[in-house]
Amino acid sequence: MTNVTPPLRVVVIGTRGQAARVAVPTIALSERADLVGVIGSEQRRTREFADELGVTSYPSISSLAKDGVDAVWLTAPNHLHATMASELLESGVSVLLEKPMTTTLDDATSLREVVARTEASATLRVAYQHRFRPAHQLLRHQLRSGELGESGMLRVHRYWKFPYFAGDDPSGPAPWRSSSTTSGGWAINDIGSHLVDLVLWMTQPQPLTVVSAVFGMQFPGVDNDSSALLTLGVGDRGLAVIECSNALSSPGSLVEYYSGTAWARLTNSFHPVAVSTTSLDDMSVTTTSDDSYLRMFDDFVAACHGEPSEGATADEAWESVRLIQEARATGRYLAGPA
Ligand SMILES: NC(=O)c1ccc[n+]([C@@H]2O[C@H](COP(=O)([O-])OP(=O)(O)OC[C@H]3O[C@@H](n4cnc5c(N)ncnc54)[C@H](OP(=O)(O)O)[C@@H]3O)[C@@H](O)[C@H]2O)c1
């Protein structure tokens, strides 16, 4: 007799942006889940989106558990994450929560407590899909095995100029992203939180501390960070440098590590088609499709079934929020263009 688990019944929260561009098509690709519904901020738009997809338009989070929904991919704006995820978990629905976990450490702490209290009935992972890129996994393996030397410097550089996507308004981001309160920081959360998660995940279990932080505000008309430069202490002697921007140009992303005995460099490893090379010949990796979202989603499904999972847990995502909050509280903000 074969032991086949039925597909996870999943709802997407959100009807535009990340919901339409990534969550819906990714679930469609998964062999272990079915998209059964959507929830948006406005009933008519939600119904239209649900009809387009041939799924149910749910009126509220409280209607999901009654209808046998197992899990949600939650893509609402950052400041809504804590309340929505808590309500879902309390009702026994698992959550793949878009990053960042929350906009404040207090919210992250409360949500982490809910996760601990509900772990027998529901699972939470935070959507840090860049963990699932082969080049990043290989570098992590080499760092943790010590093959690249100890106490070096890890540098993660990613600039991605806004507008990010064809449909984005070039004059500036949605109001929730412009506001420092509802975004929790613009570039630092849109781009930087991924980089903080990579540093955290690649250097575990060494403790990270904020050494310095500088924020630039170069995007015209937006009173929120559009660049960030963070220096983190890694354990007793290591260093990590994180550079992100959605206002500055760059020839491409870099993930680099330098120690006294070796170095490694991944170029453009955040992109769908990545050719990554390092000082070690056997670490050259070529990927030809962007399956990082699908790999992350399938990892979440595995976690929901109690199987091994590499996705970001509440404890790990809490640590990212802690570092970002401390960087924002202690960092220097440089004024942008007049
Ligand atoms: N993992 C990644 O690399 C990645 C990439 C992009 C975004 N994200 C994350 O995804 C989240 C959304 O970003 P976005 O780019 O999609 O923003 P966006 O384009 O501004 O869209 C906002 C989304 O939130 C939904 N929403 C707003 N209020 C809601 C409510 N009360 N109930 C239900 N849905 C609500 C909207 O649905 P309606 O249309 O119904 O209002 C819409 O789908 C953010 O947390 C962001 O950090 C992650």
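Keep in mind it's a predicted model, so treat the numbers as computed, not measured.

Turning to the site of the ligand, a few remarks are in order. Around the ligand, a shell composed of 24 residues is seen, among which Thr15, Arg16, Gln18, Ser41 and Asn78 lie nearest. Measuring from an oxygen atom of the ligand, one finds a backbone N or O atom of glutamine 18 at 2.7 Å. The side chain of glutamine 129 places a nitrogen or oxygen atom 2.9 Å from an oxygen atom of the ligand. Within the complex, 86% of the 890 Å² of free accessible area of the ligand lies under protein. Residue assignment for the shell around the ligand shows that the elements contributing at least two residues are α1 (17–29), α3 (81–90) and α6 (175–178). Counted by class, the shell around the ligand contains nine nonpolar, eleven polar and four charged residues.

Time to look at the side chain of glutamate 243. Examined against the element boundaries, glutamate 243 turns out to sit in strand β10 (residues 238–245). Look at glutamate 243 and you get buried, because its relative accessible area is 14%. Reaching out from glutamate 243, the side chain makes a polar contact with the side chain of arginine 155 at a distance of 3.0 Å. Polar side-chain contacts of glutamate 243 include one of 2.7 Å to the side chain of histidine 157. With near-sequence residues (within four places) excluded, glutamate 243 lies in contact with Arg155, Val156, His157, Arg158, Tyr159, Leu195, Ala228 and Leu229.

Moving on to unusual backbone geometry. With an omega dihedral of 5°, the bond running from phenylalanine 162 to proline 163 counts as a cis peptide bond. The topology assignment puts proline 163 in the loop between β7 (153–159) and α6. Residue glutamine 204 is joined to proline 205 through a cis peptide bond whose omega torsion reads 5°. Within the secondary structure layout, proline 205 lies in the loop between α8 (187–203) and β8 (208–216). Not every positive phi belongs to a glycine, and serine 151 is a case in point at roughly 50°. Mapped onto the secondary structure, serine 151 falls in the loop between α5 (134–145) and β7. Unusually for a residue other than glycine, asparagine 268 sits at a positive phi of about 50°.

This part takes up the side chain of arginine 158. Mapping arginine 158 onto the fold places it in strand β7. Setting aside anything within four residues of it in sequence, one finds arginine 158 in contact with His130, Ile191, Leu195, Glu243, Cys244, Ser245, Ser253, Phe270 and His271.

This part covers the sheet that holds strand β2 (residues 33–39). On the basis of which strands lie adjacent, the open sheet formed by six strands has the order β3-β2-β1-β4-β5-β6 and parallel pairing. Among the strands making up the open sheet, the edge pair consists of β3 (56–57) and β6 (124–127). By the bridge criterion, four bridges tie strand β5 (residues 94–98) to β6 in an arrangement that is parallel. In the sheet register, valine 95 faces β6, and the bridge partner there is leucine 124. Lying on the sheet, α3 is in contact with β1 (8–13), β4 (71–74), β5 and β6; it crosses β5 at an angle near 165°.

As recorded in UniProt, the sites labelled "domain: Gfo/Idh/MocA-like oxidoreductase N-terminal" (unreviewed entry) are residues 8–120. With 42% helix and 21% strand, residues 8–120 has its two end C-alpha atoms placed 17 Å apart.

Under the 1.5 Å per step criterion, the end-to-end length of helix α9 (residues 292–304) is 18 Å for 13 residues, consistent within 8% with the ideal 18 Å. For α9, the full list of buried residues reads Ser292, Tyr293, Met296, Phe297, Asp299, Phe300, Val301, Ala302 and Ala303. Structurally, α9 contributes buried residues whose contacts are with β1, α1, β2, β4, β5 and β6. Trailing α9 by a residue or two, glycine 306 shows a phi angle of about 80°, which is positive.

Rules and cut-offs
- In this numbering scheme, every chain counts its residues from 1 along its sequence in written order.
- The predicted origin of the model limits local features to residues at a pLDDT of at least 70 and limits the giving and counting of side-chain atom pairs to 80 or more, whereas totals for whole chains, interfaces and linings rest on all residues.
- Calculated side-chain values reflect all of the structure's heavy atoms, with hydrogen atoms and water omitted.
- If even one non-hydrogen atom of a residue comes within 4 Å of a molecule or strand, that residue is called near it.
- Under the rule applied, a polar contact is a pair of N or O atoms within 3.5 Å (in protein, one hydrogen donor and one hydrogen acceptor; residues adjacent in sequence only if both atoms are side-chain atoms).
- Accessibility throughout is a Shrake-Rupley quantity obtained with a 1.4 Å probe, and a residue counts as covered only by protein chains that appear here.
- Put simply, DSSP marks the helices as runs of H or I at least four residues long and the strands as runs of E at least two long, and each gets a number from the N terminus on.
- Here the nonpolar group is Ala, Val, Leu, Ile, Met, Phe, Trp, Tyr, Cys and Pro; Asp, Glu, Lys and Arg are the charged ones; every other residue, Gly included, is treated as polar.
- Exposed residues in this analysis have more than 50% of their type's maximum accessible area, buried residues have under 20%, and partly exposed residues fall in between, with area computed by a 1.4 Å probe over protein chains only.
- Two residues form a contact once any of their heavy atoms are found within 4.5 Å.
- By definition, two strands form a pair when at least two bridges between them are found by DSSP.
- As a rule, the C-alpha atoms of each element are fitted with a line to give its axis, helices using only the stretch in contact, and angles between N-to-C directions run from 0 to 180 degrees.
- UniProt positions are given in the numbering used here, feature names are shortened, and annotations may be inferred rather than shown by experiment.
- Helices are assigned an expected span. That span is 1.5 Å times one less than the residue count.

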